[in-house]
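Breakdown of the fold
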Amino acid sequence: LDGGDLLTRLFLESVAEGTARVGAADYRYLARVLRLGPGAEVTVFDGQGREAPARIQTIDAAREEVVLVVASPRRAVMGLPITLIVALLKADKMDLVVQKATELGVHRIVPVAAARSVVHLDEGRAAGRVARWRKIAREAARQCGRADAPVVELPRPVRDAVVDVPTGAWKAIFHEGVKGASLRKALPPERPAAAVVAVGPEGGFDAAEVEAAQAAGFVAVGLGPRILRAETAALAAVVAIGFALGDLA
Ligand code: SAH
């Protein structure tokens, strides 16, 4: 057991060598949707960068249960770790950003409550939304053949998020207000250890937020002469950085 059909990916809470038993949702996905039977090979992953080839041992239709034999796990190779700091957007926009950013290889998503965010979440609703985003991220990771789902954090203020970044990261805040701030010119000459991109809400970042980011070492950069919608800007920023510094090149 060494290959595993890379296209069939199954999320497990924890990936360890031995047998794993999965319930109704996975049973329906494996047996009904994909029509896999005993002996079929899949890849299991835990969203933390561990994955392993696995084989279906038994399928119990009555119990809606599948037993898998999991081989020894390996650590998935990861490219440039990109953190996306993104202002809270309306529900459907945020779902889109989380899904597409996952496909594009983002490592960590930090929703921020920006001054001009239209959306405000109290703690209770934030927890529910984060759970939803994590599920979207896991499903997108499985879909695109990624071993690790991005970390999706709880919403926090912009000034906290901009100081909580990996050491050695190259950091950019995208702001439509900065004139002549070419992204190309702002790029570091060498590939950094990590990259952080910050994108604002529908109404843009306010001056204090841009200043807080700059004080934390972010460069303020533009994304061209057009004003993009926040969700477009978030994905454009990730693509641009992924191409310039990451594994899209
Ligand atoms: N304040 C603007 C729109 C903000 S666009 C207005 O209401 O007219 C939402 C976010 O997308 C911004 O905070 C910024 O991060 C990003 N963005 C959109 N277009 C951009 C551009 N041309 N350059 C840099 N950032 C941009």
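Higher on the page you've got the structure.
Structure report, in brief.

Of note in this structure, Arg35 is not a glycine but carries a positive phi near 55 degrees. Mapped onto the fold, Arg35 is located in the loop between helix H1 (24-33) and strand S3 (41-45). Positive phi outside glycine occurs at Glu64, with the angle close to 50 degrees. Positionally, Glu64 belongs in the loop between strand S4 (50-60) and strand S5 (65-70).

If you walk through the whole model with that rule in mind, you get 14 salt bridges. Ionic pairing is found between Glu64 and Arg32, a salt bridge with its closest N-O pair at 3.6 Å. Of the two residues, Glu64 is situated in the loop between S4 and S5 and Arg32 in helix H1; the sequence distance between them amounts to 32 residues. Residue Arg32 is classed as partly exposed on the basis of its relative accessible area of 45%. Between Lys135 and Glu139 there is a salt bridge, and its shortest N-O distance comes to 3.4 Å. With Lys135 and Glu139 both in helix H3 (residues 123-144) and 4 residues apart, the pair spans about one turn of that helix.

Rules used throughout
Each chain carries its own residue numbering, running from 1 in the written order of its sequence. This being a predicted model, a pLDDT of at least 70 is required before a residue's local features are given, and a value of 80 or more before pairs of side-chain atoms are given or counted; all residues contribute to the totals for chains, interfaces and linings. Hydrogens are left out, water is left out, and the side-chain values use all remaining heavy atoms of the structure. Note on conventions: DSSP H or I runs of at least 4 residues are helices, E runs of at least 2 residues are strands, and numbering of each starts at the N terminus. Only one rule defines a salt bridge in this text: a Lys or Arg side-chain nitrogen within 4 Å of an Asp or Glu carboxyl oxygen. When accessible area is computed with a 1.4 Å probe and restricted to protein chains, residues below 20% of their type maximum are described as buried, those above 50% as exposed, and intermediate ones as partly exposed.

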